[in-house]
Amino acid sequence: MSTEKKRLFIGTDGKNLAFVFMLVSSLFLLWGLCNGMIDVMDKHFQDELGLTKSQSAWVQFAHYLGYFLMAMPAGWLASKLGYKGGIIAGLLIVATGGFWFIQAAHIAQFWAYLLGVCVIAAGLTFLETVANPYTTVLGDPRYAATRINLAQSCNGVGWIFGRSWADCSSTRRTRRV
């Protein structure tokens, strides 16, 4: 039994892929973190930009629009770039969306923030499209479902951390004001 557990992250060439699996699982944590913060960020947009609840629905729309727009291109690009290239491309897209918020603050228009949200979601889509199948090939094929379920559990943990972190930071900000 103990030899079977060790095979969970042992590749066909006998190489231990546990560290690579942990790195890929951190991507699941990353997009869970980002998705957990979206609702809290929406509330900040309402407060800071004076938006109504119906106007702030655009934040959710922009987020899911990024997923919709990138779903098909991500699969095509991932097949061209491979797993590692796809992960790097996804991280670069997420970083581009994050850095766009600096420019959006200077523009100070709601559409600029929505663009950042959409680009980040597109990058997260790219990461999901690449990371899900990548976890299945990081060891013995018999344990592919176990590995993907284990990695997906990091998504939920990331969502909790993102939600908690965003709630705590908004509470601290409110106390200072």
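What you see is a predicted model, and the numbers here were worked out from it, not measured in a lab.

Trainee: Let's hear about the nonpolar core: which residues, and what values?
Mentor: Counting residues in each nonpolar core, the largest one holds 41 residues, and the members touching the most others are Val24, Trp31, Phe45, Ile87, Leu124 and Leu127. Mapped by element, the contributors of at least two residues to this core are α2 (18–49), α3 (53–107) and α4 (110–136). The biggest single contributor to this core is α4, with 15 residues. Excluding anything up to four places from it in sequence, Val24 contacts Ile87, Ala131, Tyr134, Thr135 and Leu138.

Trainee: Tell me about the packing of α2 against α4, and please be specific about residues and values.
Mentor: Where α2 contacts α4, the two axes come as close as 10 Å, and the packing angle between them is 160°. Relative to α4, the element α2 lies roughly antiparallel. As α2 packs across α4, the resulting crossing turns out to be left-handed. A class-by-class count of the residues in the contact of α2 with α4 yields 19 nonpolar, three polar and one charged.

About the thresholds
- Residues numbered from 1 in each chain as written.
- Predicted model: local features only at pLDDT ≥ 70, side-chain atom pairs only at ≥ 80, totals over all residues.
- Heavy atoms only, no water.
- Core = buried A, V, L, I, M, F, W, Y, C linked by side-chain atoms within 4.5 Å.
- Buried < 20%, exposed > 50% of the residue type's maximum accessible area, 1.4 Å probe, protein only.
- Helix = DSSP H or I, 4+ residues; strand = E, 2+ residues; numbered from the N terminus.
- Contact = heavy atoms within 4.5 Å.
- Axes fitted to C-alpha atoms, helices over the stretch in contact; angles between N-to-C directions.
- Parallel < 35°, antiparallel > 145°, perpendicular 65-115°, else oblique.
- Left-handed = near helix turned anticlockwise from the far one by under 90°.
- Nonpolar A, V, L, I, M, F, W, Y, C, P; charged D, E, K, R; others polar.

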